[in-house]
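A structural walkthrough
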Amino acid sequence: YGRFLLKADRADKAISVYRRALPLDKNPFVSVGLAEAALSLGNWQEARKAATESIKRAARGLTHPRVRAQGMALGAQARILGGRRRQFRAAGRLILRALKIEPDLPRGLLARGLLAEARRRPRQAIPHYARLIEVAPKFAEGHFRFGRLLLAERSNTARGRAALQEAVRLDSDGVWGVRSRNLLEK
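Structure report, in brief. Nothing here was measured: the structure is a model prediction, and the numbers come from that model.

Parameters at a glance
- Residues numbered from 1 in each chain as written.
- Predicted model: local features only at pLDDT ≥ 70, side-chain atom pairs only at ≥ 80, totals over all residues.
- Heavy atoms only, no water.
- Core = buried A, V, L, I, M, F, W, Y, C linked by side-chain atoms within 4.5 Å.
- Buried < 20%, exposed > 50% of the residue type's maximum accessible area, 1.4 Å probe, protein only.
- Helix = DSSP H or I, 4+ residues; strand = E, 2+ residues; numbered from the N terminus.
- Contact = heavy atoms within 4.5 Å.
- Axes fitted to C-alpha atoms, helices over the stretch in contact; angles between N-to-C directions.
- Parallel < 35°, antiparallel > 145°, perpendicular 65-115°, else oblique.
- Left-handed = near helix turned anticlockwise from the far one by under 90°.
- Nonpolar A, V, L, I, M, F, W, Y, C, P; charged D, E, K, R; others polar.
- Phe/Tyr/Trp six-rings, centres within 6.5 Å; stacked < 30°, edge-to-face > 60°.
- Salt bridge = Lys/Arg side-chain N within 4 Å of Asp/Glu carboxyl O.
- 1 Å grid on protein atoms, 1.4 Å probe; cavity = no way out; pocket = protein on both sides within 12 Å on 5 of 7 lines; lining within 4 Å.
- Points joined across faces, edges and corners; volume = space filled by probe spheres on them.

1. Re the nonpolar core
Ile95, Tyr129, Leu132 and Phe146 are the most contacted members of the largest nonpolar core, which has 30 residues in total. Elements with a minimum of two residues in this core: helix H5 (65-81), helix H6 (88-101), helix H7 (106-118), helix H8 (122-135) and helix H9 (140-153). Setting aside residues no more than four positions away along its own chain, Leu132 makes contact with Pro106, Leu109, Leu110, Phe139 and Gly142. Leu34, Ala35, Leu39 and Ala51 belong to the second largest nonpolar core, which has 20 residues in total.

Dropping the structure here:
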């Protein structure tokens, strides 16, 4: 139910569902879902705590290593988006560990691009976002971030507009579709 709410752009409701499920279910999927929901609402601290919990739960259980990598990538995203530069080094280590487990993990590639942008190196972020939309073509946030950087670069505006239009198509009423539409209208 939490996953359904998250996909329906109801992260606030998803958080309450995941919080209730957390003590009842010891598998890491609940913590991963809580981290994703908290990230989408901008609650970096809760996202970071949930991601750390998912890493611990995945290490204790018999889940696929990709789940642990997902928790690492979400934890890195929370550290980066939290805006504290002193957290960037720890985020970089988490990203490397996550991508070592799963080289084409969409959340890991997104975190790698976000880290490059946070370090004010947008050109280094472009190949990570390009790979992200290659391995996860239905990930609207990836299309938005890729298109935004290409538009800012001014040399690839047609490709940037195409990526933003794809984000609108994938997430027309969601946050990434709305942001993409706003950039396209400028």
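2. Points about the environment of Leu81
The topology assignment puts Leu81 in helix H5. Taking the C-alpha atoms as reference points, Leu81 and Ala130, 49 residues apart in sequence, are found 20 Å from one another.

3. Quick word on unusual backbone geometry
Residues other than glycine seldom take positive phi values, yet Arg120 does so here, at roughly 60 degrees. Its place among the elements puts Arg120 in the loop between H7 and H8.

4. A word on the packing of helix H3 (residues 28-41) against helix H4 (residues 44-60)
Two elements in contact, H3 and H4, have axes whose closest approach is 8 Å; the angle formed by their N-to-C orientations is 160 degrees. Regarding the angle of H3 to H4, the classification is roughly antiparallel. In the packing of H3 onto H4, the handedness of the crossing is left-handed. Contacts between H3 and H4 involve Pro28, Val30, Ser31, Val32, Leu34, Ala35, Ala38 and Leu39 on the former and, on the latter, Trp44, Glu46, Ala47, Ala50, Ala51, Glu53, Ser54, Arg57 and Ala58. When its residues are assigned to classes, the contact of H3 with H4 shows 12 nonpolar, two polar and three charged.

5. Concerning the packing of aromatic side chains
What the rule picks out here adds up to two aromatic pairs. With a centroid separation of 6.5 Å and an interplanar angle of 20 degrees, the aromatic rings of Tyr1 and Phe4 are classed as stacked. Ring centres of Phe144 and Trp176 lie 5.4 Å apart, and the angle between their planes is 40 degrees; this geometry places the pair in the tilted category. With Phe144 in helix H9 and Trp176 in helix H11 (residues 175-185), the pair connects residues that are 32 residues apart, well separated along the chain. Summarising the burial analysis for this pair, Phe144 and Trp176 share the class buried.

6. Some remarks on the pattern of salt bridges
Under the definition given, this model contains 11 salt bridges. Salt-bridge contacts for Arg3 lead to Glu36; the nearest nitrogen and oxygen are separated by 2.7 Å. Here Arg3, found in helix H1 (residues 2-7), pairs with Glu36, found in helix H3; they are 33 residues apart in sequence, far enough to count as distant. The residue Arg131 makes a salt bridge to Glu134 at a minimum N-O spacing of 2.4 Å. Taken as a pair, Arg131 and Glu134 lie in helix H8 at a separation of three residues, close to a single helical turn. Given a relative accessible area of 29%, Arg131 falls into the partly exposed group. Judged by relative accessible area, Glu134 falls into the exposed class, the value being 55%. What you see here is one network of salt bridges that share partners, running through Glu53, Arg57 and Arg60.

7. So, the layout of surface pockets
Of the volumes computed, that of the largest pocket is approximately 1,200 Å³. As for the largest pocket, its lining consists of 34 residues, of which Leu6, Arg107, Phe139, Glu141 and Trp176 are closest to the centre. Elements with a minimum of two residues in the lining of the largest pocket: H1, helix H2 (11-21), H3, H5, H7, H9 and H11. For the lining of the largest pocket, the element with the highest residue contribution is H3, accounting for seven residues. Among the residues forming the lining of the largest pocket, the class breakdown is 18 nonpolar, four polar and 12 charged.

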